[in-house]
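What the coordinates show
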Amino acid sequence: MKNILLLGATGSIGDSVLNVIKQNSNKLNLVGIAFQSNTTKAISIIEEFAPDYAYCESKANLKIINDYLKKSEGIELFNNKSELQHLLNHRSIDIIISAISGFSGLETTFMAAQSGKIILLANKESIVAAGDIILPTAKKYNTEIIPIDSEHNAIFQCLNSEKNTDDVSKIIITASGGPFLNKKVDDLSGVTKKEALNHPNWKMGSKITIDSATLVNKCLELIEAKYLFDLNEEYFELVVHPQSIIHSIVTYKDGSSICQMSNPDMRVPISHALSLEESRLSLNFSEINFSSLNLTFQEFPKDRLEIANLAREVCNTRGSTGTVFNAANEVAVENFLNDKITFNKIYDVIYRTFDAIPLSKDIDIEAIHEIDNQTRIEAQKVVKSLT
Ligand code: NDP
Ligand code: MG
């Protein structure tokens with residue numbers, strides 16, 4: 001039995017993880033959850049999966065749960081970070097799933113990196129903002145990171161779970177193109193929130209769905225891949241593949257290209273990662289119908305190369321640039337979702353904020369939090385100047 005601590009249990013990745021656990025309850029056990037505001041969903045998870053621990057920063061939200069469960073038997077509710085650290089390190093946990101969204105996931109991912117356990121990583125923003133801290137910390141504490149972002153999990157599978165990338169000549173990260181596939185950025189100023197949130201292939205949380213619409217998600221994934229596979233950004237090519245069937249491709253020096261395919265369903269990479277490279281878990285999912293399959297590929301759109309090149313600059317410059325790129329994007333997306341800026345102003349907020357924040361080379365985790373904060377203030381100023 002593998003015992004799981006699920007950080008971000010009430011979100012979209014949380015849903016997929018819980019479904020995989022439910023389908024494999026003889027092998028997987030939910031020991032603990034962390035969430036933020038969705039008490040209704042947290043209660044239903046607690047009722048269904050009976051975890052031993054539930055963590056939430058908000059005492060008020062824990063009280064709602066406690067009152068509802070009428071001092072429930074057998075669950076410990078807590079909001080204390082040091083207790084969370086204790087739980088992350090506890091022998092009752094085998095696998096930690098990092099699925100809190102955005103920079104808010106950094107603190108727990110950093111704590112998990114010090115646990116010596118296995119982290120299943122969805123929270124790409126923590127790698128973008130602090131890859132130079134998280135990866136060495138995980139290495140120091142012998143913590144294994146297995147990606148569940150579909151592209152990175154695909155690369156992981158194509159590399160045959162080998163960490164040795166010596167024979168790799170190129171890695172292609174596929175992008176669906178999102179809801180505005182084949183549309184020029186200049187034609188997107190009037191798009192509505194509803195249109196931007198309407199992803200054709202994936203049902204995800206709102207922040208990542210907007211990232212997919214701007215294609216900034218691919219930029220974050222490029223940086224994420226650079227760190228997770230410890231390769232120079234030049235190895236990675238971004239290609240649009242509208243059907244989201246091939247999740248990434250590894251091309252080897254001898255000309256062989258190996259890809260991983262599935263219908264777009266996050267339960268597939270999650271169940272692969274949860275199998276821990278032992279025998280595959282059973283999953284009730286829709287198989288690809290190959291006889292009716294029509295796969296197409298196209299170049300990454302030229303008018304999004306500027307933002308992709310900024311991500312490449314982040315990969316090469318490192319230091320504080322990933323923290324700034326991530327924070328500027330988070331502020332921009334939040335303002336778009338709050339109807340403060342139009343869709344294509346998201347790019348302007350990123351570029352202008354990025355230019356305004358000076359580069360810091362030597363950074364630690366405290367510096368990252370400080371730079372993140374400073375960037376958010378600057379990005380808000382940029383938003384104001386644009387409205
Ligand atoms: P959602 O917005 O659906 O869920 C976010 C989760 O994080 C919720 O459980 C939320 O709790 C929780 N949360 C947010 N802030 C805190 C906090 N401070 N403390 C504890 N919990 C917190 O996001 P997604 O599931 O879509 O995405 C999660 C992560 O996975 C992101 O980093 C995303 O980039 C990545 N990812 C997602 C994919 C997807 O298919 N959704 C695909 C690949 C990567 P609550 O709801 O209770 O407020
Ligand atoms: Mg992805």
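Before any of the text, the structure's been laid out above.
Remember, predicted model here, so these are calculated numbers, not experimental data.

1. Quick word on the site of ligand 1
Within the structure, ligand 1 sits among 25 residues, and Thr10, Ser37, Asn38, Glu125 and Gly205 are positioned closest to it. Between ligand 1 and serine 12, the relevant distance is 2.9 Å, taken from an oxygen atom to a main-chain nitrogen or oxygen of the residue. The contact in question runs from an oxygen atom of ligand 1 to an N or O atom on the backbone of glycine 205, over 2.8 Å. For ligand 1, the protein covers 89% of the area, taking 900 Å² as the surface of the free molecule. Residue assignment for the shell around ligand 1 shows that the elements contributing at least two residues are α1 (12-23) and α6 (124-140).

2. Re the pairing of strand β10 (residues 246-252)
Most of β10 is tucked away, with seven of its seven residues classed as buried. In this structure, strand β8 (residues 168-175) lies alongside β10, joined through five bridges in antiparallel fashion. From the neighbouring strand, valine 168 faces β10, where its bridge partner is tyrosine 252. Alignment of β10 against strand β11 (residues 257-261), held across five bridges, turns out to be antiparallel. Counterpart to threonine 251 in the pairing with β11 is serine 257. Count of turn residues in the β10/β11 antiparallel hairpin: four residues, of which glycine 255 carries a positive phi of about 95°.

Calculation criteria
- Residues numbered from 1 in each chain as written.
- Chains lettered and ligands numbered in written order.
- Predicted model: local features only at pLDDT ≥ 70, side-chain atom pairs only at ≥ 80, totals over all residues.
- Heavy atoms only, no water.
- Near = heavy atom within 4 Å.
- Polar contact = N/O pair within 3.5 Å; in protein donor to acceptor, adjacent residues only side chain to side chain.
- Areas by Shrake-Rupley, 256 points an atom, 1.4 Å probe, with all protein chains shown as cover.
- Helix = DSSP H or I, 4+ residues; strand = E, 2+ residues; numbered from the N terminus.
- Buried < 20%, exposed > 50% of the residue type's maximum accessible area, 1.4 Å probe, protein only.
- Pairing = 2+ DSSP bridges.

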